[in-house]
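# Topology and contacts: notes
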Amino acid sequence: MYNILKKLISILLLFILAINIVSFVFVFEIKQYTIKKEVAKTLYKYIPSSKVTVITISPLNKNNIVWKDKNEFSYNGLMYDVINSEVLNNGAKQIMKALSIKEMPDLIPARVINQYL
């Protein structure tokens, strides 16, 4: 009886520890995603409209775009961040894009960047 109780308590403590670790990782990933989005929104407020361009993705230029993730892609050798996108009536996708922040640090005031470092 004592050995069974000892095993149950050990299993219960191990289970609680596992839940604690898994939940920490889950919460951390959610927080990291939220912070990245917030930082990107804030930084894009400081990008001049002359540096924001629009590209229409069609079957003709679709192969020139290499997606790194959902909101970042490479086009003609430069990395771009997606600011906004919409699907046009003809089925083509129109994307407002800006050069990746990593490739244009001189456009963002240092005080804004330092706020997030």
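Refer to the structure presented above.
Quick caveat: nothing in here was measured; it's all calculated off a predicted structure. (Residues numbered from 1 in each chain as written. Predicted model: local features only at pLDDT ≥ 70, side-chain atom pairs only at ≥ 80, totals over all residues. Heavy atoms only, no water.)

### Focus: the overall build of the chain
For the chain, the count of helices and strands is two helices and five strands. For the chain, the sequential pattern of α-helices and β-strands runs α-β-β-β-β-β-α. Expressed as a percentage of its 117 residues, the buried residues of the chain come to 21%. In the chain, 47% of the contacts between residues at least 6 apart in sequence involve partners at least 24 apart. (Helix = DSSP H or I, 4+ residues; strand = E, 2+ residues; numbered from the N terminus. Buried < 20%, exposed > 50% of the residue type's maximum accessible area, 1.4 Å probe, protein only. Contact = heavy atoms within 4.5 Å.)

### Structural notes on the pattern of salt bridges
Taken as a whole and judged by the stated rule, the model has one salt bridge. For the salt bridge of Glu 72 with Lys 68, the shortest nitrogen-to-oxygen distance reads 3.7 Å. What makes Glu 72 buried here is its relative accessible area of 7%. (Salt bridge = Lys/Arg side-chain N within 4 Å of Asp/Glu carboxyl O.)

### A closer look at the packing of aromatic side chains
Tallied over the full model, the rule gives two aromatic pairs. An angle of 20° between the planes, with centres 6.4 Å apart, marks the rings of Phe 24 and Phe 28 as stacked. Placement of both Phe 24 and Phe 28 in helix H1 (residues 2–44) is noted, with a separation of four residues, approximately one turn of the helix. By relative accessible area, which is 56% here, Phe 24 ends up exposed. (Phe/Tyr/Trp six-rings, centres within 6.5 Å; stacked < 30°, edge-to-face > 60°.)

### A look at the nonpolar core
It is characteristic of soluble globular proteins that their nonpolar side chains tend to be buried jointly. If you look at the biggest cluster of nonpolar residues, it comprises seven residues: Ile 55, Ile 57, Ile 65, Phe 73, Tyr 75, Tyr 80 and Val 82. Within the residue set of this core, elements represented by two or more residues are strand E1 (52–57), strand E3 (72–75) and strand E4 (78–87). (Core = buried A, V, L, I, M, F, W, Y, C linked by side-chain atoms within 4.5 Å.)

### Some points on a nonpolar patch on the surface
On the surface, a nonpolar cluster with roughly 700 Å² of combined accessible area is contributed by Leu 5, Ile 9, Leu 12, Leu 13, Phe 15, Ile 16 and Ile 19. Its place among the elements puts Leu 13 in helix H1. Given a relative accessible area of 56%, Leu 13 falls into the exposed group. (Patch = residues over 30% accessible without salt bridge, like charges linked within 9 Å, V, L, I, M, F, W, Y side chains within 5 Å. Areas by Shrake-Rupley, 256 points an atom, 1.4 Å probe, with all protein chains shown as cover.)

### With respect to a positive patch on the surface
A cluster of basic side chains, namely Lys 37, Lys 41, Lys 45 and Lys 70, defines a positive patch on the protein surface. The class for Lys 37 is partly exposed, based on a relative accessible area of 32%. (Lys, Arg positive; Asp, Glu negative; His and termini not counted. Charge placed at Lys NZ, Arg CZ, Asp CG, Glu CD.)

In short, geometric facts, not functional conclusions.
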